[in-house]
Amino acid sequence: PSRSAIVATRRQLLIGALSVAAATSLAVPAGAAVLTVTNLDQYRGGLARLAPRYRAALVDIGAEWCAFCKTIDQKILPDPGVRRAMERIALIKVDVTRMGQSSRELLRYLRADGPPTLFVVQTASGREFSGTRSVGAFRASDLVRRLRPFA
């Protein structure tokens, strides 16, 4: 193989390894789908890609500047009870860190003021399931209770 082919292959391997490392850092169950979106088109496209495999998705609206969002990522999502409850539920991470026009449009569409906000949607229709929304701080056991009907 040529030098450029070897460099391209190494680059692909590195990108793949970094992607796997990033996905595993969220500590969700093996095989669980995790999408990160920053605008409405990505969100709608993500739902369409998830719908054939997942009936429901947990939408997690967060930002790097949100203190409790770090708790969600580091303590709540990795909780064993939450991981079990998420085995058949996809995770859509809505990143509004930049809070630009596309973030505001997506938040309006999701009827959310900002992070931290979590709720469960039907992937086929995008419809939010009643009684699943959480705004502000919560415990892992609260999330497990909200996820139980979809597990």
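Residues numbered from 1 in each chain as written. Predicted model: local features only at pLDDT ≥ 70, side-chain atom pairs only at ≥ 80, totals over all residues. Heavy atoms only, no water.

## Overview of the state of the cysteines
Stated formally: Whenever a pair of cysteine sulfur atoms sits within 2.5 Å, that pair is classed as a disulfide. When a residue's accessible area, from a 1.4 Å probe over protein chains only, is under 20% of the maximum for its type it is buried; when over 50% it is exposed; and in between it is partly exposed.
In the structure shown here, the tally under the stated rule is 1 disulfide. Between the sulfur atoms of Cys66 and its disulfide partner Cys69 the distance amounts to 2.3 Å. The sign of the S-S torsion, about 80°, decides the handedness of the disulfide formed by Cys66 and Cys69: right-handed. Cys69 shares its class with Cys66; the two are buried.

## Section: the sheet that holds strand S5 (residues 134-135)
We count it as follows: Paired strands, in this sense, are two strands between which DSSP finds at least two bridges. Note on conventions: DSSP H or I runs of at least 4 residues are helices, E runs of at least 2 residues are strands, and numbering of each starts at the N terminus. In this description, contact between two residues means that some pair of their heavy atoms is separated by no more than 4.5 Å. All axes are obtained by fitting lines to C-alpha atoms, using only the stretch in contact for helices, and the reported angles, taken between N-to-C directions, cover 0 to 180 degrees.
Spatially, 5 strands are ordered S1-S3-S2-S4-S5 in an open sheet, and the strand pairing comes out mixed. The open sheet terminates on both sides in strands that have one partner only, identified here as strand S1 (34-37) and S5. Two strands pair when backbone bridges link them, and strand S2 (residues 56-62) and strand S3 (residues 89-95) are joined in this way by 7 bridges, in the parallel orientation. Bridge pairing links Ile61 to Val94 in S3. Seen against the sheet, helix H3 (residues 67-76) touches S2, S3 and strand S4 (117-122) and runs at an angle of roughly 140° to S2.

## Here's the deal with the packing of aromatic side chains
Put simply, the rule reads: Aromatic contacts are taken between Phe, Tyr and Trp rings whose centres are within 6.5 Å, Trp giving its six-membered ring; a plane angle under 30 degrees counts as stacked, one over 60 as edge-to-face, and the others as tilted.
A full pass over the atoms with the stated rule returns 3 aromatic pairs. Ring centres 5.5 Å apart and planes at 70° place the aromatic pair Phe68 and Phe138 in the edge-to-face group. Of this pair, Phe68 sits in helix H3 while Phe138 sits in the loop between S5 and helix H6 (140-147), placing them 70 residues apart in sequence. Seen from their ring centres, Phe129 and Phe150 are 4.6 Å apart, and the 50° between their planes marks the pair as tilted.

## Some thoughts on the pattern of salt bridges
Selection criterion: In the sections that follow, a salt bridge refers to a side-chain nitrogen of Lys or Arg positioned within 4 Å of a carboxyl oxygen of Asp or Glu.
What the rule picks out here adds up to 6 salt bridges. In this structure, the salt-bridge partner of Lys93 is Asp73, at a minimum N-O distance of 2.4 Å. Here Asp73 lies in helix H3 and Lys93 lies in strand S3, a separation of 20 residues in the sequence. Residues Arg111 and Glu128 are paired through a salt bridge, measuring 3.4 Å at the closest nitrogen-oxygen approach. One end of the pair, Arg111, is in the loop between helix H5 (101-109) and S4; the other, Glu128, is in the loop between S4 and S5, with 17 residues separating them in the sequence. In the salt-bridge network here, residues are joined through shared partners; they are Asp60, Asp73 and Lys93.

## Observations regarding the environment of Arg145
Relative to the helices and strands, Arg145 is located in helix H6. Separated by 13 residues in sequence, Arg145 and Thr132 place their C-alpha atoms 9.1 Å apart.

## With respect to the confidence of the model for the protein chain
Inclusion rule: Confidence scores per residue from the predictor, reported as pLDDT, run from 0 to 100.
Averaged over the protein chain, the pLDDT score is 86; the fraction of residues at 70 or greater is 79%. pLDDT under 50 marks residues 5-29. Its contacts with residues more than four places away, or in other chains, come to 15 contacts.

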